[in-house]
Amino acid sequence: MADSEVDAATPEPVMEDEGLLSTLDIVLVSVIAAVLIYWITFRKKTPAEEIPEFKKLTTQVTTTQEKSFIEKMKKTGRNIVVFYGSQTGTAEEFSNRLAKDAQRYGMKGMAADPEEYDMSELSRLAEIENSIAIFCVATYGEGDPTDNAQEFHDWLQEGDAELGASTSRCTPDPLFDLVRFQVFALGNKTYEHFNAMGKYVDKRLEELGAKRIFDLGMGDDDANLEEDFVSWREQFWPAMCEHFGVEATGEESSIRQYELEVHGDIDMSTVYTGEISRLKSFETQRPPFDTKTPSWLRSRSTAN
Ligand SMILES: Cc1cc2nc3c(=O)[nH]c(=O)nc-3n(C[C@H](O)[C@H](O)[C@H](O)COP(=O)(O)O)c2cc1C
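Residues numbered from 1 in each chain as written. Predicted model: local features only at pLDDT ≥ 70, side-chain atom pairs only at ≥ 80, totals over all residues. Heavy atoms only, no water.

- The protein carries the name Flavodoxin-like domain-containing protein in an unreviewed UniProt entry, which gives Anguilla anguilla as its organism.

Structure below.
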């Protein structure tokens, strides 16, 4: 009895008709579908991924123009070219000095690496007025040229195709008739083949018919190469001037590396006199005196 009463009082649980999918599921499915549709539709429209373009490598091609020292000389108004055959830089330095010297005589020179130029153009040098090719060449190994002069050496040996098949190696070539040259050789007399490269270039150019202006310079590294160069150069330039009928222009100022300027408006108490590192070291002399800080009084009295 009691049980039936309870059943009557408790209402039956109402089962809600939820269907197959809940609202949340529908929303989720719709969102995913929308995203998918969007992705499919618009992804196609986005521009294809750009493939980075590789820049074309611009390889340095040396043109015939660049290899032509004749054209370069013409373009820059130079009439002296100083070729160097150098391994450790001495011949190169001498070449630069000779090229610079030219200014004193109203000429213009340039130092050049034979490896960078077409040396078969030598025969064309006469196209430039009052021109000369100077060679500062060192010798290495068994009387061999330096690396940068190897090709030039080979060209001299071959006689070069440009001389024509009929031209024998030792026959002067008319093309070289008006070409002037000069050689300064760098070497060391303790080697068996002392200055072999310089001697060879000198001999070979003469054979080809080019005209030597002054004696072959012979630099000896075993004695005093700098002294050999300086004294040869002092005689070479007058010979050059005589040959071309030119005089020194007196443009020493363009060669000098310093300039004299007299300042009268300077407070002398701030100027170093005497030793360069000590202010007023001339007026206030303090012992100990040594080779670095000599006594000015003592040296003056000794001088008297
Ligand atoms: C390894 C070596 C080999 C050399 N061979 C010779 C040689 O055969 N004949 C010669 O006269 N001088 C020879 N020399 C001396 C150089 O030609 C000389 O020092 C020259 O000034 C070097 O010039 P550079 O500094 O322009 O290369 C040689 C020097 C070295 C270091």
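### Structural notes on the site of the ligand
Logical step 1: Near the ligand there are 20 residues, and of these Ser86, Thr88, Thr90, Thr139 and Asp221 occur at the shortest range.
Logical step 2: Here Thr139 contributes a backbone N or O atom positioned 2.6 Å from an oxygen atom of the ligand.
Logical step 3: Between the ligand and His193 there is a distance of 2.9 Å, counted from a nitrogen atom to a backbone nitrogen or oxygen.
Logical step 4: Within the complex, 83% of the 640 Å² of free accessible area of the ligand lies under protein.
Logical step 5: Taken together, the elements giving at least two residues each to the shell around the ligand come down to helix H5 (90-101) and strand E4 (180-187). (Near = heavy atom within 4 Å. Polar contact = N/O pair within 3.5 Å; in protein donor to acceptor, adjacent residues only side chain to side chain. Areas by Shrake-Rupley, 256 points an atom, 1.4 Å probe, with all protein chains shown as cover. Helix = DSSP H or I, 4+ residues; strand = E, 2+ residues; numbered from the N terminus.)

### Side note on the pairing of strand E1 (residues 80-85)
Logical step 1: Among the 6 residues in E1, 6 count as buried, and that is most of the element.
Logical step 2: Burial of the side chains of E1 extends over both faces: Ile80, Val82 and Tyr84 are buried on one face and Val81, Phe83 and Gly85 on the other.
Logical step 3: The pairing of E1 with strand E2 (residues 109-112) spans 4 bridges and is parallel. Residue pairing in the sheet places Val81 in a bridge with Met110 of E2.
Logical step 4: Crossover connection from E1 via H5 to parallel E2: handedness right-handed. (Buried < 20%, exposed > 50% of the residue type's maximum accessible area, 1.4 Å probe, protein only. Pairing = 2+ DSSP bridges. Right-handed = clockwise from strand over helix to strand, strands pointing away.)

### What to know about the side chain of Asn79
Logical step 1: By secondary structure assignment, the location of Asn79 is in the loop between helix H4 (69-76) and E1.
Logical step 2: Overall, Asn79 belongs to the buried group, its relative accessible area being 10%.
Logical step 3: Excluding residues that lie within four positions of it along the chain, Asn79 makes contacts with Met73, Met107, Lys108, Ile128, Glu129, Asn130, Ser131 and Ile132. (Contact = heavy atoms within 4.5 Å.)

### Let's talk about the packing of aromatic side chains
Logical step 1: For the coordinates displayed, the defined rule picks out 13 aromatic pairs.
Logical step 2: Ring geometry for Phe152 and Trp155: centres 6.1 Å apart, planes at 20°, overall stacked. Of the two residues, Phe152 and Trp155 are both situated in helix H6 (residues 150-158); the distance of 3 residues between them amounts to about one turn of the helix. Across this residue pair, the class does not change: Phe152 and Trp155 are buried.
Logical step 3: With a centroid separation of 5.3 Å and an interplanar angle of 75°, the aromatic rings of Phe184 and Phe229 are classed as edge-to-face. Of this pair, Phe184 sits in strand E4 while Phe229 sits in helix H8 (residues 225-244); the two residues are 45 residues apart in sequence, bridging distant segments of the chain. (Phe/Tyr/Trp six-rings, centres within 6.5 Å; stacked < 30°, edge-to-face > 60°.)

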